[in-house]
Amino acid sequence: MIDDLEPRPIRGDALRDLVREDLDGYSVEDLQERAEVMKAEIVRTEAAARAKLQKKSDADALFSFGKTES
């Protein structure tokens, strides 16, 4: 596939581009919509982080089962 020939974006590039974007050309309504979308993304990101922490905690509990403390 042609997509296989395209370099993969570096993680974080989209966020870096987002925060560097010039906001002068946006209307007030566009800026408010942008802020709402970003707030929703924060909620989604925090939920993903909590889920990963829970999986790590579950794995730690599973693999420490039966170990005795010294």
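Refer to the structure printed above.
From a predicted model like this one, the values you see are computed outputs, not experimental measurements.

Our focus in this paragraph is the overall build of the protein chain. What the protein chain contains, in helices and strands, is two helices and zero strands. Burial analysis of the protein chain (70 residues in total) assigns 1% to the buried set. For the protein chain, the exposed area adds up to about 7100 Å²; of that, 59% sits on carbon and sulfur atoms.

Each aromatic ring pair is characterised by the separation of its centres together with the angle its planes make. All told, the structure shown has zero aromatic pairs when counted by the stated rule. The aromatic ring of Tyr26 is capped on one face by Arg34, whose charged end is 5.4 Å from the ring centroid.

In total, this model carries five salt bridges according to the counting rule given. The shortest N-O distance in the salt bridge between Arg16 and Asp13 comes to 2.8 Å. Residue Arg16 and its partner Asp13 are located together in helix H1 (residues 13–20), separated by three residues, close to a single helical turn. With a relative accessible area of 34%, Arg16 lands in the partly exposed category. Accessibility expressed as a relative area gives 27% for Asp13, which makes it partly exposed. The partner of Glu36 in a salt bridge is Lys39, with the nearest N and O atoms 3.5 Å apart. With Glu36 and Lys39 both in helix H2 (residues 28–63) and three residues apart, the pair spans about one turn of that helix. Judged by relative accessible area, which is 48%, Glu36 ranks as partly exposed.

Within the fold, Arg34 resides in helix H2. Polar side-chain contacts of Arg34 include one of 3.0 Å to the backbone oxygen of Leu18.

Parameters at a glance
Residues numbered from 1 in each chain as written. Predicted model: local features only at pLDDT ≥ 70, side-chain atom pairs only at ≥ 80, totals over all residues. Heavy atoms only, no water. Helix = DSSP H or I, 4+ residues; strand = E, 2+ residues; numbered from the N terminus. Buried < 20%, exposed > 50% of the residue type's maximum accessible area, 1.4 Å probe, protein only. Areas by Shrake-Rupley, 256 points an atom, 1.4 Å probe, with all protein chains shown as cover. Phe/Tyr/Trp six-rings, centres within 6.5 Å; stacked < 30°, edge-to-face > 60°. Lys NZ or Arg CZ within 6 Å of the ring centre and 35° of its normal. Salt bridge = Lys/Arg side-chain N within 4 Å of Asp/Glu carboxyl O. Polar contact = N/O pair within 3.5 Å; in protein donor to acceptor, adjacent residues only side chain to side chain.

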